[in-house]
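Each chain, written out:
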Amino acid sequence: MNEEPDPLAPCPHCAGAYTYEMGALLVCPECGHEWAPSSVAPADEDGDGRVVKDAVGNVLADGDTVTVTRTLKVKGSPSGIKAGTKVRGIRLVDGADGHDIDCRIDGFGAMQLKSSVVKKA
């Protein structure tokens with residue numbers, strides 16, 4: 001009468017199947033991600049199933065404030081966008097070439113950014 005325990009949820013970060021419990025958290029040995037079992041949401045509130053994460057894995061939403069993590073070159077601009085620049089009121093879009101954030105940056109105007117170069121502030 002050996003009952004197998006319920007399988008643990010796969011890692012939400014890398015989808016690894018070898019998760020294990022450590023106290024109140026679940027841990028993925030493949031990527032090192034730790035999370036609470038109740039904190040994993042199946043999909044975002046819009047119902048389209050698309051989740052946009054920043055450079056460190058935080059989930060982004062419309063209206064968030066983000067910080068640029070590295071200096072970005074901008075065509076037609078001699079200086080570009082410096083690391084640490086705050087961008088307020090972002091909008092998530094299905095942009096071309098991986099640019100999934102639509103925003104307005106002071107001194108540059110409207111532009112699109114990749115979520116991999118920003119961090120939630």
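The following refers to the structure shown. Please read these numbers as outputs of a predicted model, since none were measured by experiment.

Of the strand pairs in this sheet, strand E7 (residues 99-105) and strand E8 (residues 109-114) are connected by six bridges, and their pairing is antiparallel. The partner of Arg104 across the bridge, within E8, is Ala110. Connecting E7 to the antiparallel partner E8 that follows it, the hairpin turn spans three residues, and Gly107 within it adopts a positive phi of roughly 90°.

Of the voids in this model, the second largest pocket is the one considered here, and its volume is about 190 Å³. For the second largest pocket, the full set of lining residues is Leu72, Lys73, Val74, Ile81, His99, Met111, Gln112, Leu113, Lys114 and Val117. Residue composition of the lining of the second largest pocket, by class: six nonpolar, two polar and two charged.

Reading guide: rules and limits
- Within any chain, residue numbers begin from 1 and follow the written order of that chain's sequence.
- The predicted origin of the model limits local features to residues at a pLDDT of at least 70 and limits the giving and counting of side-chain atom pairs to 80 or more, whereas totals for whole chains, interfaces and linings rest on all residues.
- In computing side-chain values, all of the structure's heavy atoms are included and hydrogens and water are not.
- Strands pair, by our definition, only if DSSP identifies at least two bridges between them.
- Put simply, DSSP H or I for four residues or longer makes a helix, DSSP E for two residues or longer makes a strand, and each gets a number counted from the N terminus.
- A cavity here means a set of 1 Å grid points, computed over protein atoms only, where a 1.4 Å probe fits but cannot escape. A pocket is an open set with protein on both sides within 12 Å along at least 5 of 7 lines, and lining residues have an atom within 4 Å of a point.
- Grid points are joined across faces, edges and corners, and a volume is the space filled by probe spheres set on the points.
- Think of it as three bins: nonpolar holds Ala, Val, Leu, Ile, Met, Phe, Trp, Tyr, Cys and Pro, charged holds Asp, Glu, Lys and Arg, and polar takes everything else, Gly as well.

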